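# Reading the structure
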Amino acid sequence: MARFKRLQGYNVSFLTGTDEHGQKIEDKAKEAGVTPQEFVDNIVLGEGGVVFGVKFDENWDAIHAYTETEEGVKQFMGSKYVQSDTEQTYKQAKALLDEGKLVLYTGSACQIEGLYSFLGKEYDNLITQDFICHGVPSPGLWDKYLKETGFSKSTNIIFRDKEQGWESKSEFVVKKGDKKIFKESFYKNPYCFFFAQNYSLRHICYKCPFKDGYRRSDVTVADLWGISDILAQGSYDDKGTSLVVINSNKGKDIFDKIMSLPGLRRFYGLYAKYKEVLLYILFGGVSTVVSIGSFVLCETV
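Residues numbered from 1 in each chain as written. Predicted model: local features only at pLDDT ≥ 70, side-chain atom pairs only at ≥ 80, totals over all residues. Heavy atoms only, no water.

## Structural notes on the packing of aromatic side chains
Counting across every chain of the model gives 25 aromatic pairs. Between Phe193 and Phe194, the aromatic rings sit 6.1 Å apart at their centres with planes inclined by 75 degrees, giving edge-to-face as the arrangement. Judged by relative accessible area, which is 31%, Phe193 ranks as partly exposed. The cationic tip of Arg160 hangs over the ring face of Phe186; the distance from NZ or CZ to the ring centre is 3.8 Å. (Phe/Tyr/Trp six-rings, centres within 6.5 Å; stacked < 30°, edge-to-face > 60°. Buried < 20%, exposed > 50% of the residue type's maximum accessible area, 1.4 Å probe, protein only. Lys NZ or Arg CZ within 6 Å of the ring centre and 35° of its normal.)

## Concerning a negative patch on the surface
Among the surface-exposed residues, Glu58, Asp61, Asp85 and Glu87 lie close enough to one another that they form a single negatively charged patch. Mapped onto the fold, Glu87 is located in the loop between helix H4 (70–74) and helix H5 (89–98). (Patch = residues over 30% accessible without salt bridge, like charges linked within 9 Å, V, L, I, M, F, W, Y side chains within 5 Å. Areas by Shrake-Rupley, 256 points an atom, 1.4 Å probe, with all protein chains shown as cover. Salt bridge = Lys/Arg side-chain N within 4 Å of Asp/Glu carboxyl O. Lys, Arg positive; Asp, Glu negative; His and termini not counted. Charge placed at Lys NZ, Arg CZ, Asp CG, Glu CD. Helix = DSSP H or I, 4+ residues; strand = E, 2+ residues; numbered from the N terminus.)

## Considerations on the pairing of strand S2 (residues 50–56)
For S2, the buried fraction is high: six of the seven residues fall into the buried class. Note: S2 against strand S4 (residues 103–106), three bridges, orientation parallel. Each residue of the ladder has a partner; that of Phe52, found in S4, is Tyr105. The pairing of S2 with strand S3 (residues 62–67) spans six bridges and is classified as antiparallel. In the sheet register, Lys55 faces S3, and the bridge partner there is Ile63. (Pairing = 2+ DSSP bridges.)

## Description of the confidence of the model for the chain
Scored by pLDDT, the chain comes out at a mean of 75, with 66% of its residues at no less than 70. Taken element by element, the predicted model of the chain shows its lowest mean pLDDT in strand S13 (residues 290–292) (28) and its highest in H5 (98). Low pLDDT (under 50) marks residues 32–40, which in the prediction has 23 contacts with non-local residues, meaning those over four places away or in another chain. For residues 265–301, every residue scores under 50 in pLDDT, and the model assigns this stretch 96 contacts once sequence neighbours within four places are set aside. (pLDDT = per-residue confidence, 0-100. Contact = heavy atoms within 4.5 Å.)

## A look at helix H7 (residues 139–149)
Along H7, the positions that sit buried rather than exposed are Trp142, Tyr145 and Leu146. Seen along its axis, H7 keeps its buried residues to an arc of 100 degrees; they face one direction. Away from its buried face by more than 90 degrees, H7 exposes Lys147 and Glu148. Next to the buried residues of H7 lie S2, strand S6 (156–161), strand S7 (171–176) and helix H8 (190–196). Looking at the residues trailing H7, positive phi occurs at Gly150, about 80 degrees. (Arc of directions from axis to C-beta.)

## Examining the sheet that holds S7
If you trace the three strands from one edge of the open sheet to the other, you get S6-S7-S8, paired in antiparallel fashion. Two strands in the sheet have a free side with no partner beyond their single neighbour: S6 and strand S8 (179–185). Ignoring which end each strand starts from, the neighbouring axes of this sheet average 20 degrees apart. Examined bridge by bridge, S7 and S8 share six bridges and lie antiparallel to one another. (Axes fitted to C-alpha atoms, helices over the stretch in contact; angles between N-to-C directions.)

## Things to note about the side chain of Asp130
Along the chain, Asp130 turns up in strand S5 (residues 126–131). Separated by 3.0 Å, the side chains of Asp130 and Ser217 make a polar contact. Residues within four places of Asp130 in sequence aside, it is in contact with Gly107, Ser108, Ala109, Ile112, Arg215, Ser217, Val219, Thr220 and Val221. (Polar contact = N/O pair within 3.5 Å; in protein donor to acceptor, adjacent residues only side chain to side chain.)

## What about the packing of H5 against helix H6 (residues 109–119)?
At a minimum axis distance of 10 Å, the contact between H5 and H6 shows a crossing angle of 55 degrees. As summarised for this structure, H5 and H6 are arranged oblique, according to the angle between their axes. Between H5 and H6 lies a crossing whose hand is right-handed. Here Tyr90, Lys91, Ala93, Lys94 and Leu97 of H5 lie close against H6, whose contacting residues are Gln111, Gly114, Leu115, Phe118 and Leu119. (Parallel < 35°, antiparallel > 145°, perpendicular 65-115°, else oblique. Left-handed = near helix turned anticlockwise from the far one by under 90°.)

## Structural notes on the side chain of Ser248
In this structure, Ser248 sits in the loop between strand S10 (241–246) and helix H9 (249–259). The exposure class of Ser248 is buried, given its relative accessible area of 8%. Within the local environment of Ser248, its side chain forms a polar contact with the side chain of Asp218, the two groups lying 2.7 Å apart.

## Some thoughts on the environment of His203
Turning to its location among the elements, His203 is positioned in the loop between H8 and strand S9 (219–223). The class for His203 is exposed, based on a relative accessible area of 70%. Distance from His203 to Gly135, taken between C-alpha atoms, is 9.4 Å for residues 68 residues apart in sequence.

## As for the pattern of salt bridges
Evaluated as defined, the whole model comprises 10 salt bridges. The partner of Glu113 in a salt bridge is Arg216, with the nearest N and O atoms 3.4 Å apart. Placement of Glu113 in helix H6 and of Arg216 in the loop between H8 and S9 is noted, with a sequence separation of 103 residues between them. Where salt bridges share partners, they join Glu70, Glu71 and Lys74 into one cluster.

Next comes the structure, spelled out in structure tokens:
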């Protein structure tokens, strides 16, 4: 992806960091006197902007919506392995952009492409973020699963609960209030297993035009599943690590602002094969120097 974007003339960076929902970010947020979401999103909300993301409605349908509050943003947190409905959010985003509001819109690569197509022009006050998408099951399949299990009456559904750890230890959890009424290994849960094995994805996902690295977004995020191939054990924990790819200069400017928040350490990485690649690793206070192959990571603060 980095090579593809550089050929298009973008200033591209690879960045990695602890999961924004991870314990280290939460600890550092508390030290800074803010909540975890404020720690990550105050660039937009702090400037009076609005954030678009995906939440579940009262029927457990995944829908796009927007918010101007921290409490509203919390509903967007967490994985939702089902296709979301953008509803009227393209129109809403355009109206807010035309008012001069700072807008952060998060969606899949195809949804971001759809947003830009709808807008028909570039906006300096628009920030877009997508993710490396596995593909999505249909809302119909998700609805059938909920009805057959009775989970549609629950108060919270967590696709990847990390109380027991990340990766293979994550669990599918259903709650009523604060009480867990069901939990199962992510890879043993039938809905999650079929998703992970690519059995239940929508037909168009198998022909996705964005799988070659093409992106319109300013920022792309993902789970860094291969961190164990990059860093030595002990230099990261089992709470999850995120990969952030900066696709535009606007994205880089936003990330630089986030990096100026207290409690984060910056690491520069030199990748011998591709020049001018910046590798940031956010370990929330953990200091390390690692040399593996052509990667050299060193603390700079």
